[in-house]
Amino acid sequence: MRRDEEQERGQRRGVVGRAGRPDRRTALADAAIAVLADAGVRGLTHRAVDAAAGLPVGTTSAYLRTRQALLTALVRRLVELDQGELQAMGERAVIRTTDELVSGILELMHHRLTGEGRRRSLARYACAVESVRDPELREILVPRENAGRAVVRTFLADQGVADPDGRTTTLLACIDGLVFDRLVGGGETGADEIHGLVAAALRGATGGQGLLRS
């Protein structure tokens, strides 16, 4: 009982944290993302997360006792970061033509394939595979509404696409597939390739201006 009380007090202290710094659980989740990206699923251990976070051995297990708890915290943090990125991009986006939509998609792919975004992508796909056998993780990873998705859907609807929700889901799934392909196989993604995907999403649209490059 005393040990549990000490752990609970430690968790409460970690949630408060210092100004400008993530709380302890968030810091551990961020470290877990890095470990998963760099070492793969087999390398994701409590000790490895302790080391990546620069914390004493046993810290991760004190906050996230089981492997399931560690994976769940990791996936929730991934979704939080992804949603924040897509929300920010959607809020500043102005999409009136296919060129502007293509430009936005290329920007997103750049974020997902470089720097910390690349690490998150590696971790995300590893978690997606794990979620096949884990309903809890699968539920967390279900695509959610955000400003980025809304911008794409609105553009397709404005062009007269009959099923903007379905076409948006398909287009974004294709983009996700391209990110995975480039992550694994390397290579660049050109604007023409994205234009082809957008054209497919607009096929049958009743509008005209969205089909034109400008």
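Rules and cut-offs
- Position numbers for residues count from 1 along each chain, tracking the sequence in the order it is written.
- Under the rules for a predicted model, residues below a pLDDT of 70 receive no local features and side-chain atom pairs below 80 are neither given nor counted, while totals for whole chains, interfaces and linings still include all residues.
- Side-chain numbers come from the whole structure's heavy atoms, not from hydrogens or water.
- Only runs of H or I of at least four residues qualify as helices and only runs of E of at least two qualify as strands under DSSP, and these elements are numbered from the N terminus.
- In this description, a nonpolar core means a group of buried Ala, Val, Leu, Ile, Met, Phe, Trp, Tyr and Cys residues linked to one another through side-chain atoms lying within 4.5 Å.
- Throughout, exposure labels follow a simple rule: accessible area from a 1.4 Å probe, protein chains only, divided by the maximum for the residue type, with under 20% read as buried, over 50% as exposed, and the rest as partly exposed.
- Any carboxyl oxygen of Asp or Glu within 4 Å of a side-chain nitrogen of Lys or Arg constitutes a salt bridge here.
- Here pLDDT means the predictor's own confidence in every residue, given as a number from 0 to 100.
- Any pair of residues with heavy atoms lying within 4.5 Å of one another is described as a contacting pair.
- Every axis in this analysis is a line fitted to C-alpha atoms, fitted for helices over the stretch in contact. Angles between the N-to-C directions lie between 0 and 180 degrees.
- If an angle is under 35 degrees, it is roughly parallel; if it is over 145, roughly antiparallel; if it lies from 65 to 115, roughly perpendicular; otherwise it is oblique.
- Throughout, a crossing is termed right-handed when the near helix is turned clockwise from the far one, and left-handed when it is turned anticlockwise from it by less than a right angle.
- In this classification, the charged set is Asp, Glu, Lys and Arg, the nonpolar set is Ala, Val, Leu, Ile, Met, Phe, Trp, Tyr, Cys and Pro, and all remaining amino acids, among them Gly, are polar.

## Thoughts on the overall build of the protein
Right, on to step 1. Along the backbone of the protein there are eleven helices and zero strands.
Right, on to step 2. Along the chain direction, N to C, the helices and strands of the protein fall in the order α-α-α-α-α-α-α-α-α-α-α.

## A look at the nonpolar core
Generally speaking, a soluble globular protein has its nonpolar side chains buried in company with each other.
Right, on to step 1. Counting residues in each nonpolar core, the largest one holds 22 residues, and the members touching the most others are Leu44, Val49, Leu74 and Val75.
Right, on to step 2. Of all elements in the fold, only helix 2 (24-43), helix 5 (67-92), helix 7 (115-131) and helix 8 (135-141) reach the threshold of two or more residues within this core.
Right, on to step 3. The next biggest cluster of nonpolar side chains, apart from the first, holds 20 residues, and it includes Met109, Val152, Ile175 and Leu202.

## Let's talk about the pattern of salt bridges
Right, on to step 1. Counting across every chain of the model gives 15 salt bridges.
Right, on to step 2. Across the pair aspartate 38 and arginine 119 runs a salt bridge whose closest N-O atoms are separated by 2.4 Å. Taken together, the positions of aspartate 38 in helix 2 and arginine 119 in helix 7 put the pair 81 residues apart, joining distant regions of the chain.
Right, on to step 3. A salt bridge links arginine 119 to glutamate 116, with the shortest nitrogen-to-oxygen separation between them at 3.7 Å. Here glutamate 116 and arginine 119 lie together in helix 7, a separation of three residues that amounts to about one turn.

## A closer look at the confidence of the model for the protein
Right, on to step 1. Scored by pLDDT, the protein has a mean of 88; 86% of the residues are at 70 or more.
Right, on to step 2. Within the model, pLDDT remains below 50 along residues 1-19, and this stretch shows eleven contacts once partners closer than five positions in the same chain are excluded.
Right, on to step 3. Within the model, the stretch residues 209-214 combines pLDDT values under 50 with 16 contacts to residues more than four positions away or in other chains.

## Description of the packing of helix 6 (residues 98-113) against helix 10 (residues 164-185)
Helix packing geometry: the angle between the two helix axes and the distance between the axes.
Right, on to step 1. Where helix 6 meets helix 10, the axes come as close as 10 Å, and the angle between the chain directions of the two elements is 40°. Considering their axes alone, helix 6 and helix 10 lie oblique with respect to each other. For the element pair helix 6 and helix 10, the recorded crossing hand is right-handed. Residue-level contacts link Ile105, Met109, Arg112 and Leu113 of helix 6 to Ile175, Leu178, Val179, Arg182 and Leu183 of helix 10.
Right, on to step 2. Looking at side-chain class alone, the contact of helix 6 with helix 10 contains seven nonpolar, no polar and two charged residues.

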